[in-house]
Amino acid sequence: MIPFFIEATQTQNGWQSAFAFQIFLRSIDEWLKMRWGFNPGALLEEALDRSKLFLESQTTSDEFSSEDEESNRTLVLRCFNLPGIGLQFTLMGKVTHVDREQSLLAGQMYAREIFSTFPNDFVLIPAIAQKDFDRLVGKNFFSKKLRIAAIQREKVFIPPMLRHQYMPGLWQTTPRANEQTWRALSAMSNNVALNIMLRPSTLYQNEKELLLDIKKKFQKNSQDDDIFSSHIGWVNSYIKRRLDPWRRLFQMQVHVLAENEPDESLLRSAGTAFTRSVNETPTPGFQIARPNSSDEETQWLQQIRSLDFIPPQRRMDDIADVDEVHAVFRLPYRQEAGLHGVSLIELPTTAHPPSEFKHD
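Residues numbered from 1 in each chain as written. Predicted model: local features only at pLDDT ≥ 70, side-chain atom pairs only at ≥ 80, totals over all residues. Heavy atoms only, no water.

Peer 1: Account for helix α6 (residues 179-186), with residues named and values stated.
Peer 2: Taking burial as the measure, the eight residues of α6 include six buried ones, the bulk of the element. Buried residues of α6: E179, T181, W182, A184, L185 and S186, and no others. Contacts from the buried residues of α6 go to β3 (74-82), β4 (86-97), β9 (192-201) and α9 (264-274). (Buried < 20%, exposed > 50% of the residue type's maximum accessible area, 1.4 Å probe, protein only. Helix = DSSP H or I, 4+ residues; strand = E, 2+ residues; numbered from the N terminus. Contact = heavy atoms within 4.5 Å.)

Printed below as a string of structure tokens:
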């Protein structure tokens, strides 16, 4: 049985149990042997399908009626740029329970599930001791003076929607667009982290009714010669996508944390890669949100460190379907020529136990 270190922490909501893995890319020779198709292009298609299947397996068929009933499982992909060393990919998860022992048991089961189902295009090395866990989650990183920014979908403002006023766009990408994100992150000269958080979610009944209300009011108040009439098709398509029966949904947030101010070029590179207009489905792009005060920034950083979501202005702004999550919650894949401009921490060739991996 694989040993997993589980850190149990008491919170206002009970006990939180968290685990961490370091993610390594397989060597190109080993990865190429995994393809079922006839060329590396088929291998990438197969790998992306495995990645999407993993995300689908994290969703739930339960219908939550309130936030108090939402899933207590949170998954976080965190990539650190360690200058002079490379990119360190960490996968973390947490569960909460009112009882400490039950929380630890749930954490072990969750860690085992992730370890056994994560796409085998990558190698997961679990933290098996406190020092491993601290290194992977970035304990030293969070001890520094950090600044934070959130990458969000751009909001579409449409006056005929009256009091609703706006709707967020979509997360979308293409198979290799995220390489731009990793090159931009790897080029940073300071300590930076890209943090992607998700947990299973759904639309509540009142949120579904709100979307239907938006659809009726928008169509009623828009005329054929209205400047916003061209938005009708987009709004209808968006609402239909959100209300499709059995569509698997998550709550997802994307953050960039850095010593000093997060670099604008990194935010722009990642935001653009995550919000491309593809397959004749336009999207308005991305926007950057920052804390309104130093106190709020401290709160944001503490929540991210604790694997908690930053309270959104409106919960629906964080809702994303599995296709959107798959556009963002993604790791790099090697080319035969390598990933130019990207420095990766490689899997050690010697058979050291996980506790002896040292990259900080």
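The rest of the description comes next.
Peer 1: I'd like a rundown of the pattern of salt bridges, residues and numbers included.
Peer 2: Enumeration over the complete set of coordinates arrives at 24 salt bridges. Taking the shortest distance from any N to any O, the salt bridge between R50 and D121 comes out at 2.6 Å. Of this pair, R50 sits in helix α2 (residues 40-57) while D121 sits in the loop between α3 (100-117) and β5 (122-126), placing them 71 residues apart in sequence. Given the relative accessible area of 22%, R50 is considered partly exposed. Taking relative accessible area as the criterion, D121 reaches 3% and is therefore assigned buried. A salt bridge links D134 to K139; its shortest N-O distance comes to 3.8 Å. Residue classification places D134 among the buried positions, given a relative accessible area of 18%. Residues joined in a network through salt bridges with shared partners are K52, R153, K240, R241, R242, D244, R247, D321, D323 and E324. (Salt bridge = Lys/Arg side-chain N within 4 Å of Asp/Glu carboxyl O.)

Peer 1: How would you explain the pairing of strand β6 (residues 146-153) if you had to name every residue and give the values?
Peer 2: Taken across its eight residues, β6 has six buried, putting it largely inside the fold. Note that β6 and strand β10 (residues 249-259) share six bridges and pair antiparallel. Note that in β10 the partner of R147 across the bridge is A258. One ladder, built from four bridges, connects β6 with strand β11 (residues 286-289); its direction is antiparallel. Directly across from Q152, in β11, lies its bridge partner Q287. (Pairing = 2+ DSSP bridges.)

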